[in-house]
Amino acid sequence: MQNFDLHVHTTFSDGADTPETVVLRAIEFGLSRIGISDHSFVKGAEEWCMREDALPAYRKEITRLKEKYLGQIEVLCGIEQDILSKTPADGFDYVIGSVHFIKEKNTLIPVDESADILQDAAAGYFGDDIYALCSSYYALEAEAALRTNADIIGHFDLISKFNENNALFDESDPRYVSAWQGAALQLLQSGVPFEINFGAVSRGYRTLPYPSAEMRRFILDNGGRFILSSDSHAAGTIGYGFEGWKETGGCVGFEGVLKHSH
Ligand SMILES: [Zn+2]
Ligand SMILES: [Zn+2]
């Protein structure tokens, strides 16, 4: 089983538990490393991201935990940097580069909040063409590694959160396929690993992790690499999905993650 989890949210953003509760749970779960990766500040998304002025306290608390639990577990201070964040992701142990919104006519459209929001956005901004909305998402996703200086590519196909059984769009539609393949090829050039992300599974939105099996195959065939992430929003789901995951092709260890020194 992968013995580290680098995608965990705490009370510094939209997680339910404090960083210390998370660290204690990670020790109990038997991990050798735990990374806290709260959401970077995005103006207009204050209800779930970190407060703009909270970064010093965040760093201080994670540093305290690093020292306190030295010898029991390695604690890392990461950030889940949204591509639309204006605050630079500097000085962290690692960065997860993620797209949670598309921006149309100066309006932020969250892609992971509800199926209704996606359908309304397709109607309101894309001439009722959901594939045009998906293309807009993947055009932004394509830049996620470069623009956030990411070490890890977060939930590549988050746009499919509410699309199990093709509920909103057909994932085999050529327009959808060409949009995600274009983004994947661009991201592959960065050499940064893609997450296999269980966040929507642990919270009951999906039965399978991101990215889809077709995407994982494509990424692997094109030389891509993966790490497992729980994307936990509560201590109880740290390492969620790791034990049962048998598809280890392309999965890299911790050393394969950190290509940058921040
Ligand atoms: Zn995310
Ligand atoms: Zn997350």
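Residues numbered from 1 in each chain as written. Chains lettered and ligands numbered in written order. Predicted model: local features only at pLDDT ≥ 70, side-chain atom pairs only at ≥ 80, totals over all residues.

Visitor: Can you explain the overall build of the protein? Please cite residues and give values.
Guide: A tally of helices and strands in the protein yields 8 helices and 9 strands. For 262 residues, the compact-globule estimate of 2.2 N^0.38 gives 18 Å, and the C-alpha radius of gyration of the protein, at 17 Å, lies within 12% of that figure. By its C-alpha atoms, the protein is 55 × 40 × 30 Å across when sized along the principal axes. Scored against the burial criterion, the 262 residues of the protein give a buried share of 47%. (Helix = DSSP H or I, 4+ residues; strand = E, 2+ residues; numbered from the N terminus. Rg over C-alpha atoms; globule rule 2.2 N^0.38 Å. Buried ≥ 20, exposed ≤ 12 C-beta atoms within 10 Å, placed from the backbone.)

Visitor: Quick one: what's the story with the nonpolar core, residue by residue and with numbers?
Guide: One finds Ile152 and Ile153 to be the most contacted residues of the largest nonpolar core, which totals 70 residues. With near-sequence residues (within four places) excluded, Ile152 lies in contact with Leu6, Tyr94, Ile96, Val192, Pro193, Glu195, Ile227 and Val257. (Core = buried A, V, L, I, M, F, W, Y, C linked by C-beta atoms within 7 Å. Contact = placed C-beta atoms within 7 Å.)

Visitor: Describe helix α6 (residues 174-188), naming the residues involved and giving the relevant values.
Guide: Taking 1.5 Å per residue, 15 residues should reach 21 Å; α6 reaches 20 Å between its end C-alpha atoms and fits that length. Three or more residues of α6 are buried, namely Tyr176, Ala179, Trp180, Ala183, Ala184 and Leu187. On an axial view of α6, the arc spanned by its buried residues comes to 125°, and they lie on one face. Next to the buried residues of α6 lie α4 (130-141), α5 (144-148), β7 (152-153) and α8 (213-221). (Expected span 1.5 Å × (residues − 1). Arc of directions from axis to C-beta.)

Visitor: Before we move on, could you go through helix α1 (residues 19-29) and cite the residues and values that matter?
Guide: Turning to α1, its buried residues number three or more, namely Pro19, Val22, Val23, Arg25, Ala26 and Phe29. Burial along α1 is one-sided: seen end-on, the buried residues are contained in an arc of 165°. Of the surrounding secondary structure, the elements contacted by the buried residues of α1 are β1 (4-5), β2 (33-36), α2 (55-68) and β3 (74-82). Directly beyond the C-terminal end of α1, a positive phi value near 95° is found at Gly30.

Visitor: Any details on unusual backbone geometry? Residues and values, ideally.
Guide: Residues Tyr210 and Pro211 are joined by a peptide bond in cis, for which omega reads -15°. Within the secondary structure, Pro211 sits in the loop between α7 (199-202) and α8. Within the chain, Lys105 stands out as a residue other than glycine whose phi angle is a positive 45°. Classification of Lys105 as exposed rests on a count of 7 C-beta atoms within 10 Å. Within the chain, Asp128 stands out as a residue other than glycine whose phi angle is a positive 65°. Mapped onto the fold, Asp128 is located in the loop between α3 (115-125) and α4. With 11 C-beta atoms packed within 10 Å, Asp128 lands in the exposed category.

Visitor: Tell me what's going on with the pairing of strand β5 (residues 101-104), and back it up with residues and numbers.
Guide: Here 4 bridges tie β5 to strand β6 (residues 107-110), and the two strands are oriented antiparallel to one another. From the neighbouring strand, Phe101 faces β6, where its bridge partner is Pro110. (Pairing = 2+ DSSP bridges.)

Visitor: Requested: an account of the packing of α6 against α8, with residues and values cited.
Guide: Contact geometry for α6 and α8: axes closest at 10 Å, N-to-C directions at 40°. With respect to α8, the axis of α6 lies oblique. Of the two possible hands of crossing, α6 and α8 adopt the one that is right-handed. Along the contact surface, α6 presents Trp180, Gln181, Ala184 and Leu188, while α8 presents Met215, Phe218 and Ile219. Its residues assigned to classes, the contact of α6 with α8 shows 6 nonpolar, 1 polar and no charged. (Axes fitted to C-alpha atoms, helices over the stretch in contact; angles between N-to-C directions. Parallel < 35°, antiparallel > 145°, perpendicular 65-115°, else oblique. Left-handed = near helix turned anticlockwise from the far one by under 90°. Nonpolar A, V, L, I, M, F, W, Y, C, P; charged D, E, K, R; others polar.)

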